[in-house]
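Take a look at the letters that make up each chain.
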Amino acid sequence: MIAKLKGSYGSGIEPLTYAGQNYMVVDRSLIPEILQVLRNEEQFDYCVDITAMHYPQREKQFDVVWVLYSFARNERIRVKTQIADGANLPSSVPIWAGANWLEREVYDMFGIKFEGHPDMKRILLPDGWKGHPLRKDYGILQQDNEWVQINLGIESGQ
Amino acid sequence: MTDPNTTLSHVDIADLAAHDKPYLDANELVINMGPQHPATHGVLRVILRLDGEKVLGLECVIGYLHRGVEKIGEHRTYTMFNPYVDRMDYVAAVSNGLGYCETVEKLLNVEAPPRAQHVRVILTELNRIASHQLWLGTHALDIGAITPLFYTFRDREEILKIYEKYCGARLTTHAFRIGGLQYETYTGFEKEVKNFLSFFRPKIDEYEELLTTNRIWVERTKNVGAISAEDCIALGVTGPVLRASGIKWDLRKAQPYANYKNFDFEIPVGTNGDTYDRYLVRMAEMRQSVRIIEQAVDALPEGPIMAKVPKVMKPPAGEVYHSIEAPKGELGYFIVSDGSTQPYRVRVRPPSFVNLQALDLMCRGELVADVIAVIGTLDIVLGEVDR
């Protein structure tokens with residue numbers, strides 16, 4: 001299957017394996033087409049998870065990962081793409097309805113917006129929260145100190 | 001000008017009609033089922049749009065129990081993070097630990113020795129029974145049947161006693177370690193587990209007798225909150241909810257982990273995908289768990305309980321996704337290692353979070369009282385939804 005996809009998309013896909021698990025790093029331009037193909041033709045009908053990683057030293061700082069599973073093939077695969085800070089991704093909600101909250105969480109935690117998402121707003125944090133916590137430049141102590149200073153008027157003891 | 005003090009309560013109808021939107025939409029009522037509510041199984045806020053008593057749609061607002069577990073994971077070593085995972089799905093803590101330990105073992109490329117995997121299966125299946133018992137008690141309580149709560153919590157007590165004797169904690173057990181187990185099973189462990197099974201087996205029949213053919217139970221749960229198999233797959237719903245909609249899929253059989261391929265058990269499936277079917281599926285799952293524990297306890301192998309893992313764990317750089325069949329669905333861990341002692345990213349894919357998305361679809365057209373039944377039947381734990 002990977003060979004077939006590689007044949008169609010050539011250099012845009014790089015298939016890899018680690019610890020016995022297959023995943024592919026695809027070019028940003030291929031999303032959402034590759035996801036559509038995976039769902040419609042290769043029967044990856046269950047979107048297990050959508051998540052992201054932040055690598056602040058890299059030029060393209062974010063890695064967005066889709067973990068997909070196919071019931072028919074009993075196979076799990078990961079699709080990974082790299083995007084720059086401030087870039088957007090097309091939403092996978094038209095492909096899998098379950099991507100709705102998963103993408104909202106990625107936005108909430110990383111600040112990556114998904115275009116075409118029906119309800120792009122924060123999910124776990126309160127609506128007025130500033131910042132995106134899972135980014136590497138978001139210090140947890142900084143947030144606590146700030147809150148203590150504003151609300152209690154003292155220096156935080158941490 | 002009319003005097004405002006005498007005409008304040010009078011609303012000019014003609015004035016209202018002049019607005020674009022009606023001032024009061026008499027058809028749709030927006031009601032808040034606030035975060036503090038006895039039947040939402042935690043701090044879950046549901047905003048219901050009602051037409052009288054019928055639900056037109058609802059929106060879940062979550063995040064009241066968000067503790068930033070994933071962020072914490074980046075600042076702790078692999079062994080230090082182990083106790084944190086118990087606290088996510090606090091009802092079934094052992095499963096969380098199993099998922100995490102297995103994922104890190106995959107990263108380290110070690111395998112727990114056979115005895116450890118065996119004991120892990122026993123504890124995890126006991127955990128499944130405990131979780132389903134809590135589900136049964138609270139779900140029945142929400143619907144109005146008060147008695148099962150006391151019975152199921154009594155059974156849960158027996159399991160928690162076993163956990164306490166094994167690892168010292170009842171709820172957040174921290175039972176497993178990366179590479180195996182820390183504690184050897186205590187003397188009398190097999191005997192106590194066997195006693196529990198012989199005590200528990202007739203109890204499932206007792207609960208079925210109380211509820212399964214009970215007229216009120218059937219009326220309140222049949223055809224309530226039905227969801228089709230296609231919707232389940234599209235939404236990513238897993239666990240007993242998926243199985244009740246007719247899809248025979250269980251990670252213990254599809255992608256076996258921790259010794260499950262050595263045991264003989266069935267996967268119960270439902271037909272309609274309504275609340276009644278989910279109830280039947282979970283009852284049947286408890287019976288299958290009893291079966292697995294029976295087989296496991298009889299065949300407990302001798303041997304070491306801990307594999308050779310380094311004291312300071314530095315898995316090579318790479319990423320792994322591993323998931324297990326938790327009592328609530330597919331619990332997945334996606335851990336990215338950068339070669340240091342602390343994970344670069346720990347992502348927990350909680351089953352309750354993804355299952356809760358289905359609440360809107362399942363409640364359309366139901367009555368308000370059924371929303372409570374559906375929240376109960378989805379078996380969500382807010383600790384897991386929010387992490």
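Residues numbered from 1 in each chain as written. Chains lettered and ligands numbered in written order. Predicted model: local features only at pLDDT ≥ 70, side-chain atom pairs only at ≥ 80, totals over all residues.

Before going further, it helps to examine the domain arrangement of chain B. Size of an interface: often given as the accessible area lost when the parts come together. Residues and elements named next belong to chain B. Under the domain assignment used here, chain B contains domain 1 (13-61) and domain 2 (69-386). A straight line from the C-alpha centre of domain 1 to that of domain 2 covers 34 Å. On the domain 2 side, the residues contacting the 15 residues of domain 1 number 17 residues. Secondary-structure elements contributing two or more residues to the side of domain 1 that touches domain 2 are strand S2 (45-51) and strand S3 (54-61). By residue number, the principal contributor to the side of domain 1 that touches domain 2 is S3, which donates 5 residues. Grouping the constituent residues of the side of domain 1 that touches domain 2 by class yields 9 nonpolar, 4 polar and 2 charged. (Domains from an automatic or database assignment. Contact = placed C-beta atoms within 7 Å. Helix = DSSP H or I, 4+ residues; strand = E, 2+ residues; numbered from the N terminus. Nonpolar A, V, L, I, M, F, W, Y, C, P; charged D, E, K, R; others polar.)

Once that is clear, we can look at the sheet that holds strand S3 (residues 46-54) of chain A. All names here are of chain A. If you walk across this open sheet you meet the 5 strands as S1-S2-S5-S4-S3, and the pairing is mixed. Strands at the two margins of the open sheet, each flanked by one partner only, are strand S1 (13-18) and S3. Neighbour to neighbour, the strand axes of the sheet diverge by 25° on average, direction disregarded. Where S3 and strand S4 (residues 62-70) come together, 8 bridges link them in antiparallel fashion. Pairing of Thr51 across the sheet is with Val65, part of S4. (Pairing = 2+ DSSP bridges. Axes fitted to C-alpha atoms, helices over the stretch in contact; angles between N-to-C directions.)

Now for the environment of Tyr163 of chain B. Residue and element names in this part refer to chain B. In this structure, Tyr163 sits in helix H7 (residues 147-167). On the basis of neighbour counts, which here come to 20 C-beta atoms within 10 Å, the residue Tyr163 falls in the buried class. Each C-alpha atom, one on Tyr163 and one on Gly273, is 33 Å from the other, the two residues being 110 residues apart in sequence. Discounting chain neighbours no more than four positions away, the residues touching Tyr163 are Ala169, Arg170 and Thr173. (Buried ≥ 20, exposed ≤ 12 C-beta atoms within 10 Å, placed from the backbone.)

Another point: helix H4 (residues 78-86) of chain B. Every buried residue of H4 of chain B is accounted for by Tyr78, Phe81, Asn82, Tyr84, Val85 and Asp86 of chain B. In this structure, the buried side of H4 of chain B is in contact with helix H3 (69-73), helix H5 (93-108), strand S4 (176-177) and strand S8 (345-349) of chain B.

This part takes up the sheet that holds S3 of chain B. Residues and elements named next belong to chain B. Read across the open sheet, the 3 strands follow the order S1-S2-S3; overall the sheet is antiparallel. Each edge of the sheet is formed by a strand with only one pairing partner; in this case those strands are strand S1 (29-33) and S3. For this sheet, the mean angle separating the axes of adjacent strands, direction not counted, is 20°. Running at roughly 145° to S2, helix H16 (residues 368-378) makes contact with S2 and S3 of the sheet.

With that settled, consider the interface of chain A and chain B. With 25 residues of chain A in contact, the opposing surface of chain B contributes 30 residues. Among the elements of the structure, S3 and helix H3 (99-110) of chain A are those that each provide at least two residues to the side of chain A that touches chain B. The element that contributes the greatest number of residues to the side of chain A that touches chain B is S3 of chain A, accounting for 6 residues. Looking at side-chain class alone, the side of chain A that touches chain B contains 17 nonpolar, 5 polar and 3 charged residues.

Attention now goes to the pairing of S3 of chain B. Residues and elements named next belong to chain B. Alignment of S2 against S3, held across 7 bridges, turns out to be antiparallel. Paired with Arg49 across the bridge in S3 is Gly57. The hairpin formed by S2 and S3 contains 2 residues between the paired strands, and Gly52 there has a positive phi angle of roughly 70°.

Glancing now at the confidence of the model for chain B. Low pLDDT marks stretches whose predicted atomic positions should not be read closely. All names here are of chain B. Averaged over every residue, the pLDDT of chain B is 87; the share at 70 or more is 93%. Per-element averaging of pLDDT across chain B places helix H1 (residues 4-7) at the bottom with 46 and S8 at the top with 92. This model gives residues 4-11 a pLDDT under 50, and the stretch forms 2 contacts once residues within four places in sequence are excluded. Both scores are given for the predicted complex: the pTM is 0.87, the ipTM 0.89. (pLDDT = per-residue confidence, 0-100.)

Among the nonpolar cores identified, the biggest contains 146 residues, and Leu68 of chain A together with Ile122, Leu359 and Val374 of chain B are the most heavily contacted of them. Counting residues per element, this core draws most heavily on helix H6 (residues 114-143) of chain B, at 13 residues. Taken together, domain 1 (13-61) and domain 2 (69-386) of chain B each give at least three residues to this core, which thus spans both. Excluding its chain neighbours within four sequence positions, the residues that come into contact with Val374 of chain B are Val224, Gly225, Thr275, Leu359, Met362, Cys363 and Glu366 of chain B. (Core = buried A, V, L, I, M, F, W, Y, C linked by C-beta atoms within 7 Å.)

A separate point is the environment of Tyr69 of chain A. Residue and element names in this part refer to chain A. One can find Tyr69 in strand S4. Along the primary structure Tyr69 and Tyr46 are separated by 23 residues, whereas in three dimensions their C-alpha atoms are 5.2 Å apart. With residues up to four places along the chain from it excluded, the contact list for Tyr69 reads Phe44, Tyr46, Val48 and Arg76.

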